[in-house]
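# Remarks on the overall topology
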Amino acid sequence: MRFKKHYTRDDARALLPHVRLWLKRMLQLREELRKSEECVGGLMEPGRDVGGPVTNAWLRTLADLKDVLQESRNREIQVKDLDRGLLDFPSIINGKEVFLCWELGEEDIEFWHDLDTGYAGRERLG
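Below is a short write-up of the structure. Just so it is clear, the structure is predicted and the values come from calculations on it, not from any experiment.

### Re unusual backbone geometry
Positive phi outside glycine occurs at E76, with the angle close to 60 degrees. Within the secondary structure, E76 is located in the loop between α2 (53–74) and β1 (78–81). Although it is not a glycine, N94 sits at a positive phi angle of roughly 50 degrees. Position of N94 relative to the elements: it lies in the loop between β2 (86–93) and β3 (96–103).

### Considerations on the packing of aromatic side chains
Summed over all chains, the structure comprises two aromatic pairs. Ring plane angle 65 degrees and centroid distance 5.4 Å describe the contact between F3 and F99, whose orientation is recorded as edge-to-face. With F3 in the segment before α1 (9–43) and F99 in strand β3, this pair connects stretches of sequence that are 96 residues apart. Exposure class is identical for F3 and F99. Each is buried. Aromatic pair Y7 and F89: ring centres 5.5 Å apart, planes at 80 degrees, arrangement edge-to-face.

### So, α2
Along an α-helix, residues three or four apart share an orientation, since each turn contains 3.6 residues. Given a rise of 1.5 Å per residue, 22 residues ought to cover 32 Å, and the 31 Å separating the end C-alpha atoms of α2 matches this to within 8%. Residues T55, T61, L65, V68 and S72 constitute the buried set of α2. Seen from one end, α2 has its buried residues packed into an arc of 155 degrees, which puts them on one side. Facing away from the buried side of α2 by over 90 degrees, the exposed positions are P53, R60, K66, D67 and N74. Remark: E76 follows α2 within two positions and exhibits a positive phi of approximately 60 degrees.

### Comments concerning the side chain of S91
Position of S91 among the secondary structure elements: in strand β2. The exposure class assigned to S91 is buried, which follows from its relative accessible area of 4%. A distance of 2.7 Å separates a polar side-chain atom of S91 from the backbone oxygen of Y7. With near-sequence residues (within four places) excluded, S91 lies in contact with H6, Y7, K96, E97, V98 and L100.

### Here we look at the pairing of β3
Of all the eight residues making up β3, seven are buried; the element is thus mostly covered by neighbouring parts of the structure. As paired elements, β2 and β3 share eight bridges and run antiparallel to each other. Counted as the bridge partner of D88 is C101 from β3. With antiparallel pairing between neighbouring strands as the criterion, β2 and β3 make up a hairpin whose turn holds two residues, including N94 at a positive phi of roughly 50 degrees. Here four bridges tie β3 to strand β4 (residues 111–114), and the two strands are oriented antiparallel to one another. Bridge pairing links F99 to H113 in β4.

### Some points on the pairing of β1
Pairing analysis gives three bridges linking β1 to β2, with the strands arranged antiparallel. The residue bridging Q78 from the neighbouring strand is D88, located in β2. Between β1 and β2, which follow one another and run antiparallel, lie four residues, and G85 among them has a positive phi close to 70 degrees.

Rules used throughout
Residues numbered from 1 in each chain as written. Predicted model: local features only at pLDDT ≥ 70, side-chain atom pairs only at ≥ 80, totals over all residues. Heavy atoms only, no water. Helix = DSSP H or I, 4+ residues; strand = E, 2+ residues; numbered from the N terminus. Phe/Tyr/Trp six-rings, centres within 6.5 Å; stacked < 30°, edge-to-face > 60°. Buried < 20%, exposed > 50% of the residue type's maximum accessible area, 1.4 Å probe, protein only. Expected span 1.5 Å × (residues − 1). Arc of directions from axis to C-beta. Polar contact = N/O pair within 3.5 Å; in protein donor to acceptor, adjacent residues only side chain to side chain. Contact = heavy atoms within 4.5 Å. Pairing = 2+ DSSP bridges.

And the structure:
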C-alpha cells in the first residue's frame with residue numbers, strides 16, 4: 001500500500017465542502033503570489049533593497065499557500081491540477097488501492113482510477 005489513509009466514498013463526500021474552500025483559497029493565494037512576484041521581481045535589480053512591505057507580503061502569501069497545501073498533504077489528498085480543481089483521494093475498491101477522483105464543478109464523487117492511470121483512466125463508480 002502506498003498510502004496510510006484511505007477514503008470511502010462517504011468520507012470523501014463529507015470533505016467536499018472543506019475541499020472546495022481549500023481550492024478557492026489556493027487559487028486566491030496563487031493569484032496574490034503572482035502579483036507579489038511581479039513587484040518583487042522589480043526589486044531584484046542589483047543594488048536594490050529586496051526587503052520591505054512588498055517582500056513581507058510575498059512571504060506571508062507564500063507561507064499561507066504552504067499551510068493550505070500542507071493540510072491536504074496531511075490528509076493524503078492529492079492536488080493533481082489546481083487550475084481545474086482536480087483532486088485524488090486514496091481509496092480501496094475491491095481490495096485494490098485506487099484514487100477516488102473529483103474535479104471542481106462536479107457535485108459528487110462519481111469517478112475512480114488506478115494509481116498510475118490518472119484522469120484518462122477515470123471510471124464511473126458503480
